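Here is what each chain is made of, one letter per residue.
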Amino acid sequence: RYRTSEVQDSINNVAETLEALRVRVLTKNKVARPAPEINPCWDNYRVEEFDPKSNMPATHTLGFMERQGEHLVLVWTGPGEGGAAEIRVQLLNLRGRVVREYPAFVIPKPADAKGQTSVADAALWRDTVYVAAPGSGLIVFTARGVTALGRSEGLPDLNPAALAVSGATLVVGFQTDYLGAMNLTNRTWREIAYSASLLKRNPLDGCKSRFRVSDLLALTDGTVWMVTE
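Everything in this summary refers to the structure shown in the same document.

## Thoughts on helix 1 (residues 5-28)
Argument step 1. Its 24 residues give helix 1 an end-to-end C-alpha distance of 35 Å, which sits within 8% of 34 Å, the value for a rise of 1.5 Å per residue.
Argument step 2. Buried residues of helix 1: Gln8, Ile11 and Leu26, and no others.
Argument step 3. The first or second residue beyond helix 1 is lysine 30, which carries a positive phi of 55°.

## Re the sheet that holds strand 6 (residues 121-125)
Argument step 1. Here 4 strands make up an open sheet; going across it, the order is 6-7-8-9 and the pairing antiparallel. Lying at the two open borders of the sheet, with one neighbouring strand each, are strand 6 and strand 9 (146-149). Neighbour-to-neighbour, the strand axes of this sheet turn through a mean angle of 20°, independent of strand direction.
Argument step 2. Where strand 7 (residues 128-133) meets strand 8 (residues 137-141), 5 bridges bridge the pair, whose relative direction is antiparallel. Its bridge partner lying in strand 8, alanine 132 is registered against leucine 138.

## Focus on the pairing of strand 2 (residues 71-79)
Argument step 1. The buried fraction of strand 2 amounts to 7 of the 9 residues, a majority that puts the element mostly inside the structure.
Argument step 2. When strand 1 (residues 61-68) meets strand 2, the two strands line up antiparallel, connected through 7 bridges. Along strand 2, the bridge assignment pairs arginine 67 with leucine 72.
Argument step 3. The turn linking strand 1 back onto strand 2 is made up of 2 residues, and glycine 69 within it adopts a positive phi angle of 70°.
Argument step 4. Pairing geometry for strand 2 and strand 3 (residues 85-92), over 8 bridges, is antiparallel. Bridge pairing in strand 3 links glycine 78 to glutamate 86.
Argument step 5. Hairpin connection, strand 2 to strand 3: the antiparallel pair is bridged by 5 residues, and glycine 82 has positive phi, about 65°.

## Describing the packing of aromatic side chains
Argument step 1. A full pass over the atoms with the stated rule returns 4 aromatic pairs.
Argument step 2. Ring centres 5.4 Å apart and planes at 90° place the aromatic pair phenylalanine 174 and tyrosine 178 in the edge-to-face group.
Argument step 3. Assessed through its relative accessible area of 6%, tyrosine 178 is described here as buried.
Argument step 4. Between the aromatic rings of tyrosine 178 and tryptophan 189, the centroid separation amounts to 6.5 Å while the plane-to-plane angle is 15°, which identifies the pairing as stacked. Within this pair, whereas tyrosine 178 is found in strand 12 (residues 178-183), its partner tryptophan 189 is found in strand 13 (residues 188-194), the two being separated by 11 residues in sequence. Each member of the pair, tyrosine 178 as well as tryptophan 189, carries the same accessibility label: buried.
Argument step 5. Following the ring pairs from residue to residue traces out a cluster consisting of Phe174, Tyr178 and Trp189.

## As for the layout of surface pockets
Rolled over the atoms, a probe as big as a water molecule pinpoints where empty space is left.
Argument step 1. Put simply, the second largest pocket is a space of about 230 Å³.
Argument step 2. Along its surface, the second largest pocket is lined by 15 residues, and Glu66, Gln68, Ala122, Leu163 and Ala164 are the ones closest to its centre.
Argument step 3. Listing elements by their share of the lining of the second largest pocket, those giving two or more residues are strand 1, strand 6, strand 10 (160-166) and strand 14 (213-218).
Argument step 4. Here the residues of the lining of the second largest pocket are counted per class, giving 9 nonpolar, 2 polar and 4 charged.

## A closer look at unusual backbone geometry
Argument step 1. Phi at arginine 126 takes a positive value of approximately 55°, unusual for a residue other than glycine.
Argument step 2. Among the residues examined, arginine 126 registers a relative accessible area of 66% and is labelled exposed.
Argument step 3. A positive phi angle, close to 55°, is found at arginine 187, a residue other than glycine.
Argument step 4. Residue class for arginine 187 comes out partly exposed when judged on its relative accessible area of 32%.

## Regarding the sheet that holds strand 13
Note: strands within a sheet are paired through backbone hydrogen bonds, in either parallel or antiparallel orientation.
Argument step 1. The antiparallel open sheet is built from 4 strands, whose spatial order is 10-11-12-13. Strands with a single pairing partner mark the edges of an open sheet, and in this sheet they are strand 10 and strand 13. Mean inter-strand twist for the sheet, computed between neighbouring axes without regard to direction, equals 20°.
Argument step 2. Direction of pairing for strand 10 relative to strand 11 (residues 169-174): antiparallel, over a ladder of 6 bridges. Across the sheet, the residue bridging to leucine 163 is valine 172, located in strand 11.

What counts and what doesn't
Residues numbered from 1 in each chain as written. Predicted model: local features only at pLDDT ≥ 70, side-chain atom pairs only at ≥ 80, totals over all residues. Heavy atoms only, no water. Helix = DSSP H or I, 4+ residues; strand = E, 2+ residues; numbered from the N terminus. Expected span 1.5 Å × (residues − 1). Buried < 20%, exposed > 50% of the residue type's maximum accessible area, 1.4 Å probe, protein only. Pairing = 2+ DSSP bridges. Axes fitted to C-alpha atoms, helices over the stretch in contact; angles between N-to-C directions. Phe/Tyr/Trp six-rings, centres within 6.5 Å; stacked < 30°, edge-to-face > 60°. 1 Å grid on protein atoms, 1.4 Å probe; cavity = no way out; pocket = protein on both sides within 12 Å on 5 of 7 lines; lining within 4 Å. Points joined across faces, edges and corners; volume = space filled by probe spheres on them. Nonpolar A, V, L, I, M, F, W, Y, C, P; charged D, E, K, R; others polar.

What follows is the structure, encoded as structure tokens:
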């Protein structure tokens, strides 16, 4: 969130170097020099330790932390009771105070021998958190409880890898050749692209080049940016 004075000095040096290069390019191409850029982002920053006020057990690991809107979404993984594993989710305000903690999602058969599981991504819609957990599917955390969505809701039997919310739509990318979306108001699912599909509804359907979704960015106008491998 903040920068030390040493980092700030380095940033200022970079800014000065970039400005000198910009002037040189404009002069060489005989372009009128524009007014200096005014960017408050260069000033008044410092570095301080961020210590979220969490009451998680020492056995749990922070697997995901990201600002979404005016909240920080934290997803923890760790061992549960009786050899199980669990995933826990918290919402923090931007000062690091916990404002909501959700019921734990218990995994009877953890992903590895140490009782740990992995989290690929998470997305916040209103007060509901959606977590992509390879091996466990798409997990929905609400104040009332936690559920895992899968084939019965129309999702493919694949590991989710990336999530993004646009309006009331949750876009889900999977590790293997599949992109889909869920209407969050009624939790109806629809397929967007599937490389093994024969329907040929868009360029990714039935394409010869397989794709693995590694990241997603959904804009408010419904545009989806997808990073594939």
